[in-house]
Amino acid sequence: MELKQLYAHELSKHIGESLTVTELEELIEKPKYAKQGDLAFPCFALAKIKRQSPVEIAKGLAQVIHHTLFAKIEANGPYVNCFFDKHQVSAAWMKQILLKGNHYGDVQVGNGEQITIDFSSPNIAKPFSMGHLRSTVIGNALANIVEKCGYHAVRINHLGDWGTQFGKLITAYKHWGVEEKVRANPIPELLKLYVEFHEKAIESPALEDEARAWFKKLEDGEAEAHQLWEWFRDVSLQEFNRIYELLGIHFDSYHGEAFYNDKMERTVELLQEKGLLSPSKGAEVVRLDEYDLPPCLIKKSDGATLYATRDLTAARYRQDTYHFAKAIYVVGQEQQLHFRQVFLTLEKMNYPWAKDMVHVPFGFILKNGKKMSTRKGKVVLLEKVIEEAIELAAKNIEAKNPTLKNKHEVAKQVGVGAIIFQDLRHERQNHIEFSLEGMLKFEGMTGPYVQYTHARACSILANAAAQAIQPSAIGLTDDYSWAVIKQLMAFPNAIETAFKQFEPSEIAKYVFQLSQEFNKYYNQVKVLQADEHMQGRLALVQCVTIVLKEGLRLLGLKAPESM
Ligand code: ARG
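The structure contained in this document is the topic of the report that follows.

## Quick look at the sheet that holds strand S8 (residues 296-299)
Thought 1: The antiparallel open sheet is built from three strands, whose spatial order is S6-S7-S8. The sheet is open, and its two borders are formed by strand S6 (277-280) and S8, each paired with just one other strand. Sheet twist, expressed as the mean angle between neighbouring strand axes with direction ignored, is 45 degrees.
Thought 2: In this structure, S6 lies alongside strand S7 (residues 283-286), joined through four bridges in antiparallel fashion. Bridge pairing links Ser280 to Ala283 in S7.

## Observations concerning the sheet that holds strand S13 (residues 432-433)
Thought 1: An order of S12-S11-S13 is seen for the three strands of this open sheet, with the pairing classed as mixed. Each edge of the open sheet is held by one strand with a lone partner, namely strand S12 (370-371) and S13.
Thought 2: The pairing of strand S11 (residues 365-367) with S13 spans two bridges and is classified as parallel. Paired with Leu366 across the bridge in S13 is Glu433.

## Some details on the site of the ligand
Thought 1: As a structural note, the neighbourhood of the ligand is formed by Asp118, Ser121, Asn123, His132, His158, Tyr307, Asp311, Tyr329, Val331, Gln335 and Phe339.
Thought 2: Asn123 is positioned with one of its side-chain polar atoms (N or O) 2.6 Å from a nitrogen atom of the ligand.
Thought 3: With respect to the ligand, the side chain of Tyr307 contributes an N or O atom lying 2.7 Å from a nitrogen atom.
Thought 4: Starting from 350 Å² of accessible surface for the ligand in isolation, the protein chains cover 89%.

## What about the side chain of Thr545?
Thought 1: Mapped onto the elements of the fold, Thr545 is located in helix H22 (residues 534-555).
Thought 2: Look at Thr545 and you get buried, because its relative accessible area is 8%.
Thought 3: Not counting residues within four places of it along the chain, the set of residues in contact with Thr545 comprises His454, Ala457, Cys458 and Leu461.

## Things to note about empty space enclosed by the protein
Think of a ball as big as a water molecule: rolled over the atoms, this probe shows where empty space is left.
Thought 1: Tallying each qualifying case throughout the model produces two cavities of 30 Å³ or more.
Thought 2: Estimates place the volume of the largest cavity at around 60 Å³.
Thought 3: Among the secondary structure elements, those contributing two or more residues to the lining of the largest cavity are helix H16 (407-424) and S13.
Thought 4: Top contributing element to the lining of the second largest cavity by residue count: helix H7 (residues 165-176), with three residues.
Thought 5: Among the residues forming the lining of the second largest cavity, the class breakdown is five nonpolar, one polar and one charged.

## Let's talk about unusual backbone geometry
Thought 1: Of note, the phi angle at Arg51 is positive, near 50 degrees, even though the residue is not glycine.
Thought 2: Relative to the helices and strands, Arg51 resides in the loop between helix H3 (44-50) and helix H4 (54-64).
Thought 3: Given the relative accessible area of 78%, Arg51 is considered exposed.
Thought 4: The phi angle at Asp292 is positive, at roughly 60 degrees, despite the residue not being glycine.
Thought 5: Note that Asp292 resides in the loop between S7 and S8.

Rules used in this analysis
Residues numbered from 1 in each chain as written. Predicted model: local features only at pLDDT ≥ 70, side-chain atom pairs only at ≥ 80, totals over all residues. Heavy atoms only, no water. Pairing = 2+ DSSP bridges. Helix = DSSP H or I, 4+ residues; strand = E, 2+ residues; numbered from the N terminus. Axes fitted to C-alpha atoms, helices over the stretch in contact; angles between N-to-C directions. Near = heavy atom within 4 Å. Polar contact = N/O pair within 3.5 Å; in protein donor to acceptor, adjacent residues only side chain to side chain. Areas by Shrake-Rupley, 256 points an atom, 1.4 Å probe, with all protein chains shown as cover. Buried < 20%, exposed > 50% of the residue type's maximum accessible area, 1.4 Å probe, protein only. Contact = heavy atoms within 4.5 Å. 1 Å grid on protein atoms, 1.4 Å probe; cavity = no way out; pocket = protein on both sides within 12 Å on 5 of 7 lines; lining within 4 Å. Points joined across faces, edges and corners; volume = space filled by probe spheres on them. Nonpolar A, V, L, I, M, F, W, Y, C, P; charged D, E, K, R; others polar.

Dropping the structure here:
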């Protein structure tokens, strides 16, 4: 149990029915100054209910509360301050962490229910953009966090593999495409063809008709059109998978937009039956006037369905298949309107689960203050960026620790970790500036800094093991240990906040702070000095490795034992 909960429990024994344990927990504060104790309970709310002075109530409570983990309970005006017994608390906590290992911090809110997480979702025949990178790392971290909270995560890659653009791509390929070139360098070549189509179509508008015809053939399942589309999809997916492989990310489903082709008619029918479709200049829409929003487009005048139709259908499919407790969409903030329209349409369709749909938006990646864009062939190839980060990490290792074992593996873990951490350390809604050099630094709030702290702690443990010294959860009372213990105690809370706000940066902040506390500790305290606290200090170091490793895992980073 968390100490706040424990304190609330103890208070509740003497307060009775006036306030519930949860209400008490919410009232309990963390005081600013150490002299005010570790937790403080303000008596104002209770005073109102009991029509008594808060100062009197505080005095009374301070006299009756006792617990082995509390050293002292003290009334301070209207507050009841609680001082922990450092020796007992540190011993109990270390014991708990050593016992639970990587399960320390598991929060049981989910009960095995499923949460679908729609993330990454790049578009076929287009480069994997920086925006998709953000969605990928945020979505993956959220999936890990959701699992840590007792849910089952369903990781869905909603590939952008359908739409009129494929008619254009096929047209361009038929006119100017060279098979070997596409095979050798699929995405850049396909992008080139797509750009070429748009340039040429300005002078010869007939190309547009041709593209429409090809898309029609594609929709009708005509063999050549389908074969080309499938080929474009396959080669694109191969490239995306190389990136996922590098990042260490997997999916449970690759059902993209095309998967819903034969399922959309039913959605349109349902909308019709529920009387929600309105004609609009030959097209069919769901009006959202009552929300002051533009209508949700369901069918174009030529009968073609749209992005929103596919999302409505996918949502129904996911509810039928996974009975999700929540359906999360990790997609850039520029699609805010789209998701509001889709979710409100589901609500108008009277699905009770419409309230469980969540759009988790995030900001742009900037380079020198400007949005990084993939348009007009100005492509930043993500794979190149990742490779460059790994190379830089390898150079670093070569300079600092050339005899390191598994050099290549560690360089990969550090390079990739740097990229992921650089993203997740920011609150997701913020725009972030991209800097390869910055993210690979060993100082400051970076992945390598946290990984390095973990490796440093591991080396103390290895050193102790070589001398046959065993860690043991013996209580510690000095201030440096206490600062680390307190930080270790905050882990479950960080996870819960990260989950409630869908904010992996809470975990990034947490592991960074724990690293800072531990490095202070390491600089001040000789862990392996032979005295009666040595095994206790060693236990503390081990707890730090457990929690850092688990925190990094939640974010999607590896924790090498030496680097
Ligand atoms: N493919 C889309 C894009 O790149 C993102 C899809 C997000 N997921 C969804 N269900 N709409 O913009």
